[in-house]
Every structure is written in C-alpha cells, then in structure tokens.
Amino acid sequence: MSENPRRLGIVGAGKVGTTIARAAIAAGYDVAMSGSGSAARIALTVDILAPGAGATTTAEVVRHADVIVLAVPAHRFRGLPRDLFTGKVLIDAMNYWEPIDGDDAELAAAPGGTSVIVQAFFPSARVVKSLNQLGYHEFEESRKPHGAPDRVGIAAAGDDRNAVARVLRLIDDLRFDPVDAGPLSAGMALGPDGPAFGAAFTAQELSGHLRTDQRIA
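Let me begin by describing the structure that accompanies this report. (Residues numbered from 1 in each chain as written. Predicted model: local features only at pLDDT ≥ 70, side-chain atom pairs only at ≥ 80, totals over all residues. Heavy atoms only, no water.)

1. Structural notes on the overall build of the chain
- In terms of regular secondary structure, the chain is built from nine helices and eight strands.
- For 217 residues, the compact-globule estimate of 2.2 N^0.38 gives 17 Å, and the C-alpha radius of gyration of the chain, at 16 Å, lies within 12% of that figure.
- With respect to the three principal axes, the spread of C-alpha positions in the chain is 50 × 40 × 35 Å.
- Relative to its 217 residues, the chain shows a buried fraction of 48%.
- Of the contacts made within the chain by residues no fewer than 6 positions apart, 64% connect residues no fewer than 24 positions apart.
- Looking at the chain as shown, the accessible area adds up to about 9,900 Å², and 54% of this sits on carbon and sulfur atoms.
- Within the chain, one finds 21 positive and 25 negative side-chain charges whose respective centroids are separated by 4 Å. (Helix = DSSP H or I, 4+ residues; strand = E, 2+ residues; numbered from the N terminus. Rg over C-alpha atoms; globule rule 2.2 N^0.38 Å. Buried < 20%, exposed > 50% of the residue type's maximum accessible area, 1.4 Å probe, protein only. Contact = heavy atoms within 4.5 Å. Areas by Shrake-Rupley, 256 points an atom, 1.4 Å probe, with all protein chains shown as cover. Lys, Arg positive; Asp, Glu negative; His and termini not counted. Charge placed at Lys NZ, Arg CZ, Asp CG, Glu CD.)

Here it is as structure tokens:
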C-alpha cells in the first residue's frame with residue numbers, strides 16, 4: 001500500500017514487538033501492529049505498551065508498510081500464509097527457544113540458521129535477520145543518539161542487498177549503529193549461541209565478532 005519509508009508494520013504484539021514499536025514511534029514512524037486474534041483483542045495492550053501505534057489485523061499491517069517486523073514466537077510463523085509478505089522486506093526478529101517453541105527439529109538443526117528456514121517458508125518475501133540480538137530490556141536501554149561514541153551496534157543479514165540497506169536505515173533511525181552482517185546465513189551469529197547475541201557491543205566490536213565467526217565457519 002505504501003512507499004513511505006516512515007511506515008513500519010509489526011506482526012507480534014508481545015514484549016519484543018511493542019518495544020520495537022515504541023522506538024519506531026519515537027523516531028517518527030507510523031506503526032501498525034497485529035497479534036494473535038482480532039485487533040480488538042490487542043488494542044488495550046498496544047494502547048498501553050506502544051501508545052501511538054495502531055492495533056489492526058495482520059492483513060492490514062501488510063498493506064500498511066513495505067517493511068514488516070516478524071516478532072512472534074518462532075513456532076508460530078508457519079501458521080501464516082506463505083504468500084502473505086510477497087514483495088515485502090520482512091525483518092525476522094524471532095529467536096528459536098526450545099522451552100518456549102518446543103522441540104522443532106527443522107529450526108534446531110538449520111545449518112544456515114533459522115532465517116533461512118523463514119525465507120524458504122515465505123519465498124516471495126525479502127527476509128532480513130535483525131532486531132533479535134538484544135533482549136527487549138537491553139534494546140530499550142541501549143538506544144543512543146547518532147554520533148554517540150559508545151552507541152550500540154545492531155546487525156542485519158540478508159541475501160537481498162537492497163532489503164538489507166533499508167533495514168540498516170531503520171536501525172539507525174531506532175538509535176543504533178547499523179552493521180551489515182552479510183548474507184542471510186550469517187544471521188546465525190545474531191541468534192542464541194552466536195557471538196553477537198545478548199551483548200551490547202559497539203558497531204566496531206560487533207563487526208569484529210561477526211568477522212571472527214565467519215572465519216570459524
């Protein structure tokens with residue numbers, strides 16, 4: 001529906017989704033969000049945790065923006081239509097956690113990381129792995145203005161270079177230093193057990209960890 005770069009869609013109205021929504025709204029984005037069930041079901045949650053965002057259906061979120069954040073529990077993405085995100089930049093902000101997502105052999109053993117599985121499931125989307133390396137508390141507390149010497153870096157990995165460029169601009173708008181991690185398979189380093197996961201590195205430190213991980217691979 002929109003070519004406006006200041007529109008963002010978020011599928012998932014949990015702690016991660018609402019934290020990203022608050023940061024995007026603060027950056028001047030027009031944010032639409034959906035969750036499980038009807039828009040009315042999440043309206044109060046969105047109003048309290050992401051004031052300024054619009055609570056709507058997933059179909060409307062997709063119509064609202066060209067860049068969509070997928071922030072649902074990892075075991076739930078397969079419940080969405082495979083062609084839902086056709087042509088969209090789809091930011092995979094999910095992390096696979098067995099205690100939450102159950103024993104999922106495909107996700108647990110994915111040799112190129114879980115985002116490669118997400119891309120295969122949504123073949124017409126432009127999947128970029130990002131916004132998953134920090135917990136929601138760390139994400140909220142680490143945002144700093146452009147040019148701050150200790151600004152935290154957030155990486156984006158994807159095979160579609162234009163899609164990655166759009167996500168890098170979003171990361172900067174959200175008040176982090178953007179780092180290009182390379183192809184989608186490199187997103188494995190951003191998830192659990194990866195060298196970039198769970199720590200607030202500067203962009204230089206983060207880039208170093210990603211280069212080391214690629215040499216090991």
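2. Comments concerning the sheet that holds strand S6 (residues 126-130)
- One open sheet holds the eight strands; their spatial order is S3-S2-S1-S4-S5-S6-S7-S8, and the pairing between them is mixed. At either end of the open sheet lies a strand with only one pairing partner, and these are strand S3 (54-55) and strand S8 (177-182).
- Examined bridge by bridge, S6 and strand S7 (residues 153-158) share three bridges and lie antiparallel to one another. Each residue of the ladder has a partner; that of Lys 129, found in S7, is Ala 157.
- This element, helix H1 (residues 15-26), spans strand S1 (7-11), strand S2 (30-34) and strand S4 (67-70) of the sheet and lies at about 165° to S2.
- Sheet strands in contact with helix H6 (residues 114-121) are strand S5 (89-92) and S6, and its direction is about 160° off that of S6. (Pairing = 2+ DSSP bridges. Axes fitted to C-alpha atoms, helices over the stretch in contact; angles between N-to-C directions.)

3. Concerning the pattern of salt bridges
- Overall, the coordinates contain 13 salt bridges when judged by the stated rule.
- Across the salt bridge formed by Asp 172 and Arg 151, the nearest N and O atoms sit 2.7 Å from each other. Of this pair, Asp 172 sits in helix H8 (residues 161-173) while Arg 151 is found in the loop between helix H7 (136-142) and S7, placing the two residues 21 residues apart along the sequence.
- Residue class for Asp 172 comes out partly exposed when judged on its relative accessible area of 27%.
- By relative accessible area, Arg 151 is classed as buried at 2%.
- Across the pair Arg 161 and Asp 180 runs a salt bridge whose closest N-O atoms are separated by 2.6 Å. Placement of Arg 161 in helix H8 and of Asp 180 in strand S8 is noted, with a sequence separation of 19 residues between them.
- Taking relative accessible area as the criterion, Arg 161 reaches 39% and is therefore assigned partly exposed.
- Overlapping salt bridges bring together Arg 78, Asp 104 and Glu 106 as one network. (Salt bridge = Lys/Arg side-chain N within 4 Å of Asp/Glu carboxyl O.)

4. Some points on the nonpolar core
- One finds Leu 8, Val 31, Met 33, Val 69, Leu 131 and Phe 139 to be the most contacted residues of the largest nonpolar core, which totals 35 residues.
- At the level of secondary structure, the elements contributing two or more residues to this core comprise S1, H1, S2, helix H2 (39-49), S4, S5, S7 and H8.
- At six residues, H8 tops the list of elements feeding residues into this core.
- Counting residues in hydrophobic clusters, the runner-up holds 25 residues, among them Val 11, Ala 74, Tyr 96 and Val 118. (Core = buried A, V, L, I, M, F, W, Y, C linked by side-chain atoms within 4.5 Å.)

5. Here we look at the pairing of S1
- The buried count for S1 comes to four of five residues, which makes it a mostly enclosed element.
- As judged from the five bridges shared by S1 and S2, these two strands associate in the parallel manner. Residue Gly 9 lies in a different strand from S2, and its bridge partner there is Ala 32.
- After leaving S1, the chain enters H1 and then returns to the sheet as S2, a path that is right-handed.
- Sheet topology places S1 next to S4; three bridges connect them, and they run parallel. When the sheet's bridge partners are listed, Ile 10 is paired in S4 with Val 69. (Right-handed = clockwise from strand over helix to strand, strands pointing away.)

6. As for the side chain of Arg 151
- A polar side-chain atom of Arg 151 sits 2.9 Å from the main-chain carbonyl oxygen of Lys 144.
- Engagement of the side chain of Arg 151 in a polar contact is seen with the backbone oxygen of Phe 176, the distance being 3.1 Å.
- Not counting chain neighbours up to four residues away, the residues in contact with Arg 151 comprise Lys 144, Pro 145, His 146, Asp 172, Arg 175, Phe 176, Asp 177, Phe 201, Thr 202 and Ala 203. (Polar contact = N/O pair within 3.5 Å; in protein donor to acceptor, adjacent residues only side chain to side chain.)

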